[in-house]
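# Survey of secondary and tertiary structure
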Amino acid sequence: MAPPRKLHIKSYGCQMNVYDAQRMVDVLAPEGFVETATVDDADLVILNTCHIREKASEKVYSELGRLRLARDEAASSGRRMQIAVAGCVAQAEGEEIVRRAPVVDVVVGPQSYHHLPQLLARAEETGRALETEFPVEDKFGFLPQPRPETIRARGISAFVTVQEGCDKFCTFCVVPYTRGAEVSRPVSAIIDDVKRLADNGVREITLIGQNVNAYHGEGPDGRAWTLGRLLSRLAAVPGIVRLRYSTSHPNDVDDELIEAHRDLDALMPFVHLPVQSGSDPILAAMNRKHTAADYRRVIDRFRAARPQIAFSSDFIVGFPGETEADFVATLALVTQIGYAGAYSFKYSPRPGTPAADMQEMVPAAVMDERLERLQQLIDSQQSAFNKAAIGQTVDVLFERAGRKPGQIVGRTAYLQPAHVFPGPMFLGPGMAPDSLVGQILPVRVDSLERYSLLGELAAKPPQHARPLAATGA
Ligand code: 5AD
Ligand code: SF4
């Protein structure tokens, strides 16, 4: 048998790219590829790129410059290194990539990476291969399932793509162009994936998609299922104790999703619901098709159904034409909602999007200053949210051993990292702390260290506890 070839993937951007990188590993595993942590000994390097914000493509070109040196180094010791560019920059730039960086062997868009083995072979024969079409077939039908040992090595929390692409066309956003039209996977395929993950130790599933709550995949009854209905079905899969989903659009929050939050214990009370701005004229110019008041009403519906629910969001400052009054409306919305955390970005024009042609650019210094003010407000809300956990007993799903001996690390319902030393009185004879990985246990929170909660177990774990993440269990 040929010795394994080594694969190094560098992934930028969103959760979808993290997931895609894993699936590329799964596609290439049957071809004899194993992952390596460094570029230097790799036979294949894949840059899994992101195009959403500023300078993303410039970063890719400078990384390709560095890779050219690594490839020359490998060649001087008689080893051939192939270089592939995947993800949204590959989709957006296509041939431009090989024109500017001839070192690249393969360019593959996010809808085509199931063809990687053929593209690599074609590049071997002809020197180069490109695929940035949106193929008619569904790539999910062609992706091999990850091996059980691979699932176990990836840990107890996994992403599952349920939907891809977006039909919303927010005027600043490149996603509808790079990821294409919205497509939902059928319910049965998702249930199969989740069952397989659960059978191999996964306890928490995050359903992902660019606009995940627009999900409308075909159910076993032949009808389109909503995300809420899908979540209810997945909550019944044995072994799955936590469910999450990301990223949602406020206009696609329907009653079934709200009811899922009311009824499903496994569905975490933490929702990422981007609003982008608190100003109605800016929301209109962004083509968000909702006002700030509409957004507040959506938040109120969630809160009425699940009072302990918390939210995070995305914001853009300095969208073309944004005045001080518009920006103050954003601050006011943040103050009214009260977030557990949020991401905020300076607007950056994406070529080909409608906003890129808008004239009234906000000066860079103004953008900087607004970003600073918004981030201060969000940070203070996040600190207050984290501080409120002190003295409380909260459920933590343990994920892995900590860096310090005897420590284990998990996350709360709100994704706050929690660090605990279980100590001998909580562990049976011969039980290592990481035997608690995969379990949800109550933790009494004593203090905070930056964004992490520190505390103690508040109850004994069941004595039959054994490692879920280990292989061969
Ligand atoms: N400029 C700045 N931020 C952007 N985002 C998307 N496109 C842009 C852009 N052109 C942000 C939005 C989105 C998040 C994923 O990235 O806030 O929700
Ligand atoms: Fe982009 Fe999200 Fe708007 Fe879709 S809903 S266009 S992914 S910002």
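Residues numbered from 1 in each chain as written. Chains lettered and ligands numbered in written order. Predicted model: local features only at pLDDT ≥ 70, side-chain atom pairs only at ≥ 80, totals over all residues. Heavy atoms only, no water.

Under the convention used in this document: UniProt positions are given in the numbering used here, feature names are shortened, and annotations may be inferred rather than shown by experiment.
The chain is annotated in an unreviewed UniProt entry as tRNA-2-methylthio-N(6)-dimethylallyladenosine synthase of Rhodopseudomonas pseudopalustris. In its Catalytic activity (unreviewed entry) section, the UniProt record describing the chain reads: "N(6)-dimethylallyladenosine(37) in tRNA + (sulfur carrier)-SH + AH2 + 2 S-adenosyl-L-methionine = 2-methylsulfanyl-N(6)-dimethylallyladenosine(37) in tRNA + (sulfur carrier)-H + 5'-deoxyadenosine + L-methionine + A + S-adenosyl-L-homocysteine + 2 H(+)".

### Remarks on the overall build of the chain
The line we're drawing: Numbering of helices and strands runs from the N terminus, with a helix taken as a DSSP run of H or I at least four residues long and a strand as a DSSP run of E at least two residues long. Using C-alpha atoms as the atom set, the radius of gyration is obtained and then compared with a globule rule of 2.2 Å times the number of residues to the power 0.38. For each residue, the accessible area found with a 1.4 Å probe, counting protein chains only, is set against the maximum for its type, and the residue is called buried under 20%, exposed over 50%, and partly exposed in between. Any pair of residues with heavy atoms lying within 4.5 Å of one another is described as a contacting pair.
Per the secondary structure count, the chain includes 14 helices and 19 strands. A globule of 473 residues ought to have a C-alpha radius of gyration of about 23 Å, and the chain, at 23 Å, matches this closely. Structurally, the chain occupies a C-alpha span of about 65 × 65 × 50 Å along its principal axes. Taken over 473 residues, the chain has a buried fraction of 53%. Residue pairs at least 24 apart in sequence account for 72% of intrachain contacts in the chain once pairs closer than 6 positions are excluded.

### With respect to the pattern of salt bridges
To keep it simple, the criterion reads: One side-chain nitrogen of Lys or Arg within 4 Å of one carboxyl oxygen of Asp or Glu is enough to make a salt bridge.
Applying the stated criterion across every chain, the model contains 27 salt bridges. Between R370 and E324 there is a salt bridge; the shortest N-O distance is 3.9 Å. Of this pair, R370 sits in helix α14 (residues 364–387) while E324 sits in helix α13 (residues 324–337), placing them 46 residues apart in sequence. Owing to a relative accessible area of 37%, E324 belongs among the partly exposed residues under this scheme. Overlapping salt bridges bring together E322, E324, E369, R370 and R373 as one network.

### Digging into the site of ligand 1
Heads up, the condition is: A single heavy atom is enough: if one lies within 4 Å of a molecule or strand, its residue is considered near that molecule or strand. For this analysis, a polar contact is any N or O atom pair within 3.5 Å, provided that within protein one partner can donate a hydrogen and the other can accept it, and provided that sequence-adjacent residues contribute only side-chain to side-chain pairs. Here the open area of atoms and residues is found with the Shrake-Rupley method and a 1.4 Å probe, where only the protein chains shown may cover a residue. For this scheme, ten residues count as nonpolar: Ala, Val, Leu, Ile, Met, Phe, Trp, Tyr, Cys and Pro. Four count as charged, namely Asp, Glu, Lys and Arg, and the remainder, Gly too, count as polar.
Around ligand 1 sit I52, R53, F172, Q276, D314, I316, F345, K346, Y347, S348 and R350, and that is every residue in its neighbourhood. A distance of 2.6 Å separates an oxygen atom of ligand 1 from a polar side-chain atom of D314. Burial of ligand 1 by the surrounding chains reaches 88%, relative to a free accessible area of 400 Å². Where the shell around ligand 1 is concerned, the elements lending two or more residues are β13 (310–317) and β14 (341–346). Split by residue class, the shell around ligand 1 holds 5 nonpolar, 2 polar and 4 charged.

### Comments concerning the site of ligand 2
Taken together, the neighbourhood of ligand 2 is formed by C166, K168, F169, C170, F172, C173, V175, P176, H249 and R288. The class makeup of the residues in the shell around ligand 2 is 7 nonpolar, 1 polar and 2 charged.

### Comments concerning the sheet that holds strand β12 (residues 270–272)
Put simply, the rule reads: Strand pairing requires that DSSP identify at least two bridges connecting the strands. Only the stretch in contact is used when fitting a helix axis, every axis being a line fitted to C-alpha atoms; angles between N-to-C directions are given from 0 to 180 degrees.
As summarised here, the arrangement of the 3 strands in space is β12-β13-β14, forming an open sheet in which the pairing is parallel. At either margin of the open sheet sits one strand with a lone partner, and together these are β12 and β14. Recorded for the sheet is a direction-independent mean angle of 15° between the axes of neighbouring strands. When β12 meets β13, the two strands line up parallel, connected through 3 bridges. Residue pairing in the sheet places F270 in a bridge with A310 of β13.

### Structural notes on the UniProt feature "domain: Radical SAM core" (unreviewed entry) in the chain
Taking the numbering used here, the UniProt-annotated feature "domain: Radical SAM core" (unreviewed entry) corresponds to residues 152–384. The span residues 152–384 carries 40% helix and 15% strand; its end-to-end C-alpha distance comes to 36 Å.

### Describing the domain arrangement of the chain
Size of an interface: often given as the accessible area lost when the parts come together. For clarity, the threshold we go by: Residue ranges for the domains trace back to a domain assignment, done automatically or taken from a database.
Parsing the chain into structural domains produces domain 1 (5–131), domain 2 (139–387) and domain 3 (393–471). Each of domain 1 and domain 3 was reduced to a C-alpha centroid, and the two centroids are 38 Å apart.

### Re the packing of α13 against α14
The line we're drawing: Convention used here: angles under 35 degrees read as roughly parallel, angles over 145 as roughly antiparallel, angles from 65 to 115 as roughly perpendicular, and any remaining angle as oblique.
Following both chains from N to C, one finds α13 and α14 inclined at 5°, their axes separated by 10 Å at the closest point. Here α14 runs roughly parallel to α13, going by the angle between their axes. Counting all contacts with α13, which are made through E324, F327, V328, T330, L331, V334 and T335, the residues of α14 involved are R370, R373, L374, L377, I378 and Q381. Per-class residue counts for the contact of α13 with α14 are 7 nonpolar, 3 polar and 3 charged.

### Here's the deal with the packing of aromatic side chains
Formally: Geometry of aromatic contacts follows a simple scheme: Phe, Tyr and Trp rings, the Trp one being its six-membered ring, pair when their centres are within 6.5 Å, and the pair is stacked under 30 degrees between planes, edge-to-face over 60, tilted otherwise. Each ring is checked for a lysine NZ or an arginine CZ that lies within 6 Å of its centre and within 35 degrees of its normal; such an atom marks a charge sitting over the ring.
Counted under the stated rule, the structure contains 7 aromatic pairs. For the pair F172 and F319, a centre-to-centre distance of 6.5 Å together with 85° between the ring planes defines the contact as edge-to-face. Of the two residues, F172 sits in the loop between β8 (163–164) and α7 (175–178) while F319 sits in the loop between β13 and α13, which places them 147 residues apart along the sequence. Judged by relative accessible area, which is 11%, F172 ranks as buried. For the ring pair F270 and Y414, a centre distance of 6.0 Å and an interplane angle of 80° mean the geometry is edge-to-face. With F270 in strand β12 and Y414 in the loop between β16 (408–411) and β17 (417–420), this pair connects stretches of sequence that are 144 residues apart. The aromatic ring of F345 is capped on one face by R53, whose charged end is 3.6 Å from the ring centroid.

### Regarding the UniProt feature "domain: TRAM" (unreviewed entry) in the chain
Feature annotation in UniProt assigns "domain: TRAM" (unreviewed entry) to the following positions: residues 387–459. Counting secondary structure, residues 387–459 comes out at 1% helix and 45% strand; the distance between its end C-alpha atoms is 22 Å.

### Brief notes about the nonpolar core
Test applied: The definition of a nonpolar core used throughout is a set of buried Ala, Val, Leu, Ile, Met, Phe, Trp, Tyr and Cys residues joined through side-chain atoms within 4.5 Å.
If you look at the biggest cluster of nonpolar residues, it comprises 54 residues, and the most contacted ones within it are L207, Y245 and F302. Discounting residues that sit within four places of it in the chain, Y245 has contacts with T206, L207, V212, L227, L231, L257, H261, L267, V271 and F302.

### Some words on the sheet that holds strand β7 (residues 157–161)
Within the open sheet, the 3 strands sit side by side as β7-β10-β11. Their pairing is parallel. In this open sheet, the two strands that pair with only one neighbour each are β7 and β11 (242–246). The average undirected angle you get between the axes of adjacent strands in this sheet is 25°. In this structure, strand β10 (residues 204–208) lies alongside β11, joined through 5 bridges in parallel fashion. Within β11, the position partnered with I205 by the bridge is L243.

### What to know about the side chain of D20
Relative to the helices and strands, D20 resides in helix α1 (residues 15–28). Residues contacting D20, with those up to four places away along its chain left out, are N48, Y113 and R179.

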